[in-house]
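# An overview of the molecular structure
These are the residues of each chain, in order.
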Amino acid sequence: MSEPIIFAEVPAAGGSIGRITLSIEATLNSLTLEMVDLLQEKLDAWAGDDGIAAVFIEGAGEKAFCAGGDVQALYRSAIEQPGGPCDYAEAFFAREYRMNFTLHTYAKPIVCWGHGIVMGGGLGVMAGCSHRVVTERTRIAMPEVTIALFPDVGGSWFLNHSPGKTGEFLALTGASINAADAIYIGIADRFISSEHKQAVLDGLLAQNWSVESEKNHARVRHVLRPFAERSLSASPAGQVEPHAATIAQLLDGDDVHDIIDKIIAQETDDPWLSKARDGLAHGSRLAALWIHRQLWETRHSGLAQVFQQEIQLATNIIRHPEFTEGVRALLIDKDRNPAWLYPTSREVPQAVLDGFFEPPWDENPLADLG
């Protein structure tokens, strides 16, 4: 068995670059609990190592940076312990979110090469890095509504910071986006053609690094900027920004039920909007409600509080049968015919929805963040 993550300390002028390669191509580099723990341990070690000036994180192969968490392992944990506690799944979420928080608050520059598929847990890693590069092959989606989950791993933070109502639309519909969209909504910083990857690495290794993080961030920008300028003509056309006015109209409902109705009732020939419509139409209505409420309740939250609220919701979801049914239909039996508990959002009892926003334990496992 090859290592799930390859760590290297590559000598450079005035210091070294810590290189991280997510390395399970067969699963599109999807995160396991072991990988989360390995990342946390290495990030913590490098944070206190003056010899490491910056970090570069990538996925092995050309298909994916990281396609998410190992959802089938979460499913097994949930069905083995119906109603919870679901030990593996709950440990995974808690330690993954802690690792995400570490990325968001890391003093040293972290360059993420977000090439290929970036979904779920992979998006949590990319979004937390300080220098996020996307390429012509970047494909991002947050399709959690289709398996009765929610855009977690900090999604409550970055989707609430997206322009207008675009973040909530993406969360409710699971619509896929590209590199230009990622930059527009604020989860990526630069588009660079994938052909320049080695030259970017060479440029980073040629820098005269120091022990001052602020100056090292400037050196990273100095390296990335010319490659981004050189790549402008290769950038794909965005899909979110051209639809921003339509999205604002669709999200301008009297309540969440009205918003869901508007999105599903669209009669459109636009391929991107119709795919988004179908994503919500086939998804869990209960999940649509907790996605909307999670974004509303975290709209003014700080980063630590976001992760504390996400672990509360994720723990309650993993203990509920809607999640296992969604995963069963999409990923286990693959019949794509989930038996959702509620045919419409208006049929969800308020007390049921409220229960997902109540603490399931005496102390939040991320209470010490921040």
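Residues numbered from 1 in each chain as written. Predicted model: local features only at pLDDT ≥ 70, side-chain atom pairs only at ≥ 80, totals over all residues. Heavy atoms only, no water.

## Focus: the overall build of the protein chain
Per the secondary structure count, the protein chain includes 16 helices and 9 strands. For a compact globule of 370 residues, the expected C-alpha radius of gyration is about 21 Å, and the protein chain comes in at 20 Å, within 12% of that figure. With the C-alpha coordinates of the protein chain rotated into their principal frame, the extents come out at 65 × 45 × 40 Å. In the protein chain, which comprises 370 residues, the share counted as buried stands at 55%. Taking contacts inside the protein chain between residues at least 6 apart in sequence as the whole, the part at least 24 apart equals 74%. For the protein chain, the exposed area adds up to about 15,400 Å²; of that, 50% sits on carbon and sulfur atoms. Separation of charge centres in the protein chain, based on 29 positive and 49 negative side chains, amounts to 5 Å. (Helix = DSSP H or I, 4+ residues; strand = E, 2+ residues; numbered from the N terminus. Rg over C-alpha atoms; globule rule 2.2 N^0.38 Å. Buried < 20%, exposed > 50% of the residue type's maximum accessible area, 1.4 Å probe, protein only. Contact = heavy atoms within 4.5 Å. Areas by Shrake-Rupley, 256 points an atom, 1.4 Å probe, with all protein chains shown as cover. Lys, Arg positive; Asp, Glu negative; His and termini not counted. Charge placed at Lys NZ, Arg CZ, Asp CG, Glu CD.)

## Examining the sheet that holds strand β2 (residues 15–22)
In spatial order, the strands read β1-β2-β3-β5-β7-β9; together these 6 strands make up an open sheet with mixed pairing. The open sheet has two edge strands, β1 (5–12) and β9 (190–191), and neither has a second partner. Judged from the 8 bridges that link them, β1 and β2 form a sheet pairing that is antiparallel. The residue of β2 that forms the bridge with Ile6 is Thr21. (Pairing = 2+ DSSP bridges.)

## Here's the deal with the packing of aromatic side chains
A complete count under the given rule lists 9 aromatic pairs for this structure. Judged by centre distance (5.9 Å) and plane angle (45 degrees), the rings of Phe93 and Tyr97 are tilted. Of this pair, Phe93 and Tyr97 both sit in helix α3 (residues 87–104), 4 residues apart, which is roughly one turn of that helix. Of the two residues, Phe93 and Tyr97, both sit in the buried class. On the numbers, 6.3 Å between centres and 90 degrees between planes, the contact of Phe101 with Phe307 is edge-to-face. Of this pair, Phe101 sits in helix α3 while Phe307 is found in helix α14 (residues 303–318), placing the two residues 206 residues apart along the sequence. The exposure class of Phe101 is buried, given its relative accessible area of 12%. When the ring centre of Trp296 is taken as reference, the NZ or CZ atom of Arg299 above it lies at 3.5 Å. (Phe/Tyr/Trp six-rings, centres within 6.5 Å; stacked < 30°, edge-to-face > 60°. Lys NZ or Arg CZ within 6 Å of the ring centre and 35° of its normal.)

## Side note on the pairing of strand β5 (residues 110–114)
Looking along a regular strand, one sees side chains alternate from face to face of the sheet. Of all the 5 residues making up β5, 5 are buried; the element is thus mostly covered by neighbouring parts of the structure. Here β5 shows two buried faces, one formed by Ile110, Cys112 and Gly114 and the other by Val111 and Trp113. Relative to β5, strand β3 (residues 52–59) runs parallel, the two being bridged by 3 bridges. When the sheet's bridge partners are listed, Phe56 is paired in β5 with Val111. As paired elements, β5 and strand β7 (residues 131–134) share 4 bridges and run parallel to each other. Across the sheet, Gly114 pairs through a bridge with Val134, a residue of β7.

## With respect to the sheet that holds strand β6 (residues 117–119)
If you walk across this open sheet you meet the 3 strands as β4-β6-β8, and the pairing is parallel. Each edge of the open sheet is held by one strand with a lone partner, namely β4 (64–66) and β8 (139–141). Ignoring which end each strand starts from, the neighbouring axes of this sheet average 20 degrees apart. Pairing geometry for β4 and β6, over 2 bridges, is parallel. When the sheet's bridge partners are listed, Ala64 is paired in β6 with Ile117. (Axes fitted to C-alpha atoms, helices over the stretch in contact; angles between N-to-C directions.)

## Side note on the pattern of salt bridges
All chains considered together, the criterion is met by 15 salt bridges. One salt bridge connects Arg293 with Asp354, and the closest N-O pair in it is separated by 2.6 Å. Of this pair, Arg293 sits in helix α13 (residues 285–297) while Asp354 sits in helix α16 (residues 350–355), and the two are 61 residues apart along the sequence. Note on Asp354: relative accessible area 27%, which makes it partly exposed. (Salt bridge = Lys/Arg side-chain N within 4 Å of Asp/Glu carboxyl O.)

## A closer look at helix α15 (residues 321–332)
The complete set of buried residues in α15 reads Glu322, Phe323, Thr324, Glu325, Gly326, Val327, Arg328 and Ala329. In this structure, the buried side of α15 is in contact with α2 (71–80), α13 and α14. One or two steps after α15, the chain reaches Lys334, where phi turns positive at roughly 60 degrees.

## Things to note about α3
Between its terminal C-alpha atoms α3 stretches 26 Å, which fits the 26 Å expected from 18 residues at 1.5 Å a residue. All buried positions along α3 are accounted for by Ala89, Glu90, Phe92, Phe93, Ala94, Glu96, Tyr97, Met99, Asn100, Phe101, Thr102 and Leu103. The inward-facing, buried residues of α3 contact α1 (33–47), α2, β5, α4 (121–128) and α14. (Expected span 1.5 Å × (residues − 1).)

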